Amino acid sequence: MSGPPNIRRPATLASLAAELGVSRTTVSNAYNRPDQLSAPLRARVLEAARRLGYPGPDPVARSLRTRRAGAVGLLLTEALSYAFRDPVATGFLEGLALACERAGQGLLLVPVSPEHEDVAAVHQAGVDGFVVYSVREDDPHFLAVLARPVPTVVCDQPIGVEGVDRVGVDDRGAMLGLARHLTGLGHRRIGVLCMRLGANRHDGPADEARQAGVTYPVQRDRLAGLRDGLAEVGVSWSEIPVYERFEHTVAAGEAAAAELLTAHPEITAVVCTSDILALGALRHAIQRGLAVPGDLTITGFDGVPEAERAGLTTVRQPVREKGQVAGELLLERGDRNRPRQVTLPTELVIGSTSRSPRAVPRFFSGW
């Protein structure tokens, strides 16, 4: 009976150094500090490593020794697919990745469900700092991030967290500008489609009590900006129907628009707190037989490419720049102790989906 075959042990840093007749430091420098070696010597070390099967320094051991992970953590309180499906999240992620790339850092996505409170993923993330992407004020995962002794940057929300850098836009002021555009056209009968307002799943009308308990500051500010603009022309916010959707998808916007227009066929404009919801509203209006903007004005917020192609009237915000600035705030922090608050500009884009309301509105039934 033959014995077990000889299994070649992988080379180690020590065995590779002995093979080459150089110090362990020289081998280590070939990987970690190549500027310390001449090009021919480094090439000889790497060639020998390839030939002997040396995989390079253990990254786990290196991070334990240096106490540096070499990566930025992105806290995303959504399913992982959201980062690659939602155009605003995708643009933000592109900007953040660019900042990490320029700094020679990795990027670790830490997606967690907004409906679960397990914070283990945050505790276990091997990162040197966190960028927190648009979470509610009382999110347990965000509180877990703050408990870790690493620098943190917030994008959009929460707002005003002590000792934490933030990058965002003036959502209230931007929506006020959009409201003035609509009231200037003559709209007074307005309905609203908004993104989720709180932790619990809610799809349908958001009454005053629901709005009073908003834990997402961005949605709170966008609704407040619209309220401010309507108040300028004497329209009471209590007269404005607000319909909420937990999921941020075109289908969710389509369903919300159907519910809103069925309950309130008299409205002449649908204001959406995101382009994604607005694109869904636009799809439903067409299916309903309403001409946009002849019968119904529809507006969004974000300025995503799909909205531009659809000619949507919206507020454009620099989502890619948001990500890049967030990364730079984290990676170029240095010894700075005081937090920075960066507010980026927005632009009101007047597209083909807004115009003055009809003198005699068209009413549709049967939905």
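Look up a bit, the structure's there.
Conventions adopted
- Residues numbered from 1 in each chain as written.
- Predicted model: local features only at pLDDT ≥ 70, side-chain atom pairs only at ≥ 80, totals over all residues.
- Heavy atoms only, no water.
- Salt bridge = Lys/Arg side-chain N within 4 Å of Asp/Glu carboxyl O.
- Helix = DSSP H or I, 4+ residues; strand = E, 2+ residues; numbered from the N terminus.
- Buried < 20%, exposed > 50% of the residue type's maximum accessible area, 1.4 Å probe, protein only.
- Pairing = 2+ DSSP bridges.
- Right-handed = clockwise from strand over helix to strand, strands pointing away.
- Polar contact = N/O pair within 3.5 Å; in protein donor to acceptor, adjacent residues only side chain to side chain.
- Contact = heavy atoms within 4.5 Å.
- Axes fitted to C-alpha atoms, helices over the stretch in contact; angles between N-to-C directions.
- Parallel < 35°, antiparallel > 145°, perpendicular 65-115°, else oblique.
- Nonpolar A, V, L, I, M, F, W, Y, C, P; charged D, E, K, R; others polar.
- Phe/Tyr/Trp six-rings, centres within 6.5 Å; stacked < 30°, edge-to-face > 60°.
- Lys NZ or Arg CZ within 6 Å of the ring centre and 35° of its normal.
- Core = buried A, V, L, I, M, F, W, Y, C linked by side-chain atoms within 4.5 Å.

Enquirer: How should I be thinking about the pattern of salt bridges in this particular structure?
Expert: As enumerated under the stated definition, the model contains 17 salt bridges in all. A salt bridge links Glu94 to Arg320; its shortest N-O distance comes to 3.2 Å. A residue pair is termed long-range when its members are at least 10 positions apart, and Glu94 in helix 6 (residues 87-103) and Arg320 in helix 15 (residues 319-331) qualify at 226 residues. Among the salt bridges present, the one from Glu347 reaches Arg316, with a minimum N-O distance of 2.8 Å. Here Glu347 is found in strand 13 (residues 347-349), whereas its partner Arg316 is found in strand 11 (residues 314-316), with 31 residues between them in sequence. When its relative accessible area of 30% is taken as the criterion, Arg316 is described as partly exposed. Ionic contacts of the salt-bridge type, sharing partners, join the residues Arg136, Asp138 and Asp139 into one network.

Enquirer: Can you help me understand the pairing of strand 9 (residues 269-272) in this one?
Expert: Successive residues of a regular strand alternate their side chains across the two faces of the sheet. By the alternation rule, side chains of strand 9 split into Ala269 and Val271 and Val270 and Cys272, which are all buried. Pairing analysis gives 4 bridges linking strand 6 (residues 190-194) to strand 9, with the strands arranged parallel. Bridged to Ile190 within strand 9 is Ala269. Direction of pairing for strand 9 relative to strand 10 (residues 297-299): parallel, over a ladder of 3 bridges. Paired with Ala269 across the strands is Thr297, a residue of strand 10. Between the parallel pair strand 9 and strand 10, the chain is carried across by helix 13 (residues 275-288), and the sense of this crossover is right-handed.

Enquirer: How should I be thinking about the side chain of Arg245 in this particular structure?
Expert: With respect to the helices and strands, the residue Arg245 is situated in the loop between strand 8 (242-244) and helix 12 (250-263). For Arg245, a relative accessible area of 9% translates into the label buried. Polar contacts involving the side chain of Arg245 include one to the side chain of Glu259, which spans 2.9 Å. Residue contacts for Arg245: discarding those within four places in its chain leaves Cys194, Met195, Arg196, His202, Asp203, Gly204, Ala252, Ala255, Ala256 and Glu259.

Enquirer: When you look at the pairing of strand 6 in this model, what are you seeing that I'm missing?
Expert: Counting buried positions along strand 6 gives 5 out of 5 residues, so the element sits mostly inside the fold. On strand 6, burial covers both faces: Ile190, Val192 and Cys194 on one face and Gly191 and Leu193 on the other are all buried. Bridging between strand 6 and strand 8 involves 3 bridges; their strand directions are parallel. Bridged to Leu193 within strand 8 is Tyr243.

Enquirer: Even after reading the chapter, I still don't get the packing of helix 1 (residues 13-20) against helix 2 (residues 24-32), so can you show me in this structure?
Expert: Helices that pack against each other are described as a pair by the angle of their axes relative to one another and the distance between those axes. Closest axis-to-axis distance for the helix 1/helix 2 pair is 8 Å, and the angle between their directions is 110°. When the interaxial angle is binned, helix 1 and helix 2 end up roughly perpendicular. Along the contact surface, helix 1 presents Leu13, Ala14, Leu16 and Ala17, while helix 2 presents Arg24, Val27 and Ser28. Tallied by class, the residues present in the contact of helix 1 with helix 2 amount to 5 nonpolar, 1 polar and 1 charged.

Enquirer: What is the right way to read unusual backbone geometry from this model?
Expert: Glycine aside, negative phi is the norm for most residues, and most peptide bonds take the trans geometry. Cis peptide bonds are those with omega within 30 degrees of zero, and the linkage from Gln157 to Pro158 qualifies with 5°. Here the residue pair Val292 and Pro293 is connected by a cis peptide bond, since its omega of 10° sits within 30 degrees of zero. As for its position among the elements, Pro293 is in the loop between helix 13 and strand 10. Of note in the backbone geometry, Asp302 takes a positive phi value of approximately 140° without being a glycine. You can see Asp302 is positioned in the loop between strand 10 and helix 14 (305-310). The exposure class assigned to Asp302 is buried, which follows from its relative accessible area of 5%.

Enquirer: Looking at this model, I keep getting lost on the sheet that holds strand 10. Mind explaining?
Expert: Whether parallel or antiparallel, the strands of a sheet pair through hydrogen bonds between backbone atoms. Here we have 5 strands laid out as an open sheet, ordered 7-8-6-9-10, and mixed in their pairing. Looking at strand neighbours, the two that pair on one side only are strand 7 (204-205) and strand 10, the edges of this open sheet. Contacts from helix 12 reach strand 6, strand 7, strand 8 and strand 9 within the one sheet, and its direction differs from that of strand 6 by about 155°. Running at roughly 160° to strand 10, helix 13 makes contact with strand 6, strand 9 and strand 10 of the sheet.

Enquirer: Any chance you could explain the packing of aromatic side chains here in plain terms?
Expert: Aromatic ring pairs are reported here in terms of the distance separating the ring centres and the angle at which the planes meet. Under the counting rule described, the total for this entry stands at 1 aromatic pair. Note that Arg196 overlies the ring of Phe246, its terminal NZ or CZ placed 4.0 Å from the centroid. If you follow Arg222 out to its NZ or CZ, it ends over the ring of Phe301, 3.8 Å from the centre.

Enquirer: How should the side chain of Asp139 be read in this particular structure?
Expert: Within the secondary structure, Asp139 sits in the loop between strand 3 (130-133) and helix 8 (140-147). A polar contact of 2.8 Å, which involves the side chain of Asp139, links it to the backbone nitrogen of His141.

Enquirer: Looking at this structure, how should I read the nonpolar core?
Expert: Taken as a class, soluble globular proteins show a tendency for nonpolar side chains to be buried jointly. Within the largest apolar cluster, 44 residues are counted, with the highest numbers of intra-cluster contacts made by Val131, Leu193, Val270 and Ile298. Element by element, the count of residues in this core is highest for helix 6, at 6 residues. Among all residues touching Ile298, those that are not within four sequence positions of it are Val270, Ala278, Ala281, Leu282, Ala285, Val292, Leu312, Thr313 and Thr353.

These figures capture arrangement, not role.
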